[in-house]
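Analysis of the macromolecular model
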Amino acid sequence: MIDKRVYMLTIIAFVVGMAELIIGGILDLVAIDLGISISNAGLLISVFAVVFAISAPIFLIIFAKVERTRLAFIALIFFLIGNIIAIFSPTFMMLIVARIISAASGSLVVVLCINLASNIVEPAFRGRAIGLVVMGVSGSLVLGLPIGVTLGNMFTWRAPFILIATLTVCLMIAMPVFLRRVPPKKAIPLRKQIATLKNYKISLAHLTTFFFLAGHFTLYGYLTPFTKTMLGFSGTTISILYFVYGIAAVSGGGLGGIAADRFGIRQTILIVISLLAFCLLIIPFTVNIVVLFWIILVFWGMMSWAITPPIQSHLILLSPETSDIQQSLNNASLHLGIAFGTFIGSMIVHFGSIEMNAHVGVIFIVIAFITAMISTRRELRFAKSVA
């Protein structure tokens, strides 16, 4: 039976992870209030994602000797400070600073939650405990945006940060009561983590995640202005849109895992990438047929997160002895992909037209398909040998 404290760690991971994209659907509100362009506002996602991706491995080495629960609590304090600064930010640069503080501390919190979850359960339940925390993170990335849209349109763009700050205070009160002390383990040097990438199949698997998320976020990061401009959606409709998308994305993650077990890792990865490319390719042509747009939106949502389970399974097959490291590096690839996609999306919005975002995103999805084909060739040869 899973230790109940793991569920608390999952909630912590969810709240912290929610900070990344909770601002994504209200970029237009931020832009208007702070007097900046939509493309500049999009950097609030890109900067967060980059800092989030690179911070945890560095901080784990720096604070290798600090007791884990205490370190998580200290990181939560800085995460709270970052969100408080965001609430009262009078300028764009101050908001950027707030996002950097939140991302750096939040990244450390998430990794420590995974570490703590693996230490407070019996070895037989370790995989499921880690899986629950990871599910909290992925769920936050999916649901953070619709929560932000709803609060932003009901109140102000600062309201989502007030929610996160409030929830963080509650978690800080609960942590000393429910979580025990966990001594630190020997940290894996960053040089050793990077050395695993010499295996080109592993490197290409991480690149697949990077380009897949980059292609997805080239449009998804700007879905609010896209639907407002191209479909004339209002704030209420956009809130519904993100919740529909969120439900589809969460279910897609589950379906991706089932498909990988039933149909094979390689087939699942390639099919998911192909279907996502199709969705992005066709979306600009559905703006005059609203019913078709909603149908494609659901498929898009399902495919966008269906790749995570088969990619993680693929990495475990490639390097079972460093599976924990690969999970961390793949999470970094995911967030760097988010940062790159939103940055490219902002450039398109600034220098071109927002209806181009989807088709530029397809280019990155095609690259992801190529890297996935090369990375998973071993699975194909294995399948043939079994047959």
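Here goes a summary of the coordinates provided. (Residues numbered from 1 in each chain as written. Predicted model: local features only at pLDDT ≥ 70, side-chain atom pairs only at ≥ 80, totals over all residues. Heavy atoms only, no water.)

As a further point, take empty space enclosed by the protein. Across all of its chains, the model carries one cavity of 30 Å³ or more by this definition. Taken as a whole, the largest cavity holds about 40 Å³ of empty space. The wall of the largest cavity is formed by Thr209, Leu213, Ile307, Thr308, Ile311, Asn330 and Leu334. Among the elements of the structure, helix H9 (200-220), helix H14 (308-318) and helix H15 (323-351) are those that each provide at least two residues to the lining of the largest cavity. Classifying every residue of the lining of the largest cavity by side-chain character gives four nonpolar, three polar and no charged. (1 Å grid on protein atoms, 1.4 Å probe; cavity = no way out; pocket = protein on both sides within 12 Å on 5 of 7 lines; lining within 4 Å. Points joined across faces, edges and corners; volume = space filled by probe spheres on them. Helix = DSSP H or I, 4+ residues; strand = E, 2+ residues; numbered from the N terminus. Nonpolar A, V, L, I, M, F, W, Y, C, P; charged D, E, K, R; others polar.)

A word on the side chain of histidine 335. Position of histidine 335 among the secondary structure elements: in helix H15. Each residue touching histidine 335, except ones within four places of it in the same chain, is listed here: Glu20, Ala49, Phe52, Ala53 and Leu141. (Contact = heavy atoms within 4.5 Å.)

The next thing to look at is the pattern of salt bridges. Per the stated rule, a full pass over the model turns up two salt bridges. Two residues, aspartate 33 and arginine 158, come together in a salt bridge whose shortest N-O distance is 3.2 Å. Of the two residues, aspartate 33 sits in helix H2 (residues 27-34) while arginine 158 sits in the loop between helix H6 (126-154) and helix H7 (159-178), which places them 125 residues apart along the sequence. (Salt bridge = Lys/Arg side-chain N within 4 Å of Asp/Glu carboxyl O.)

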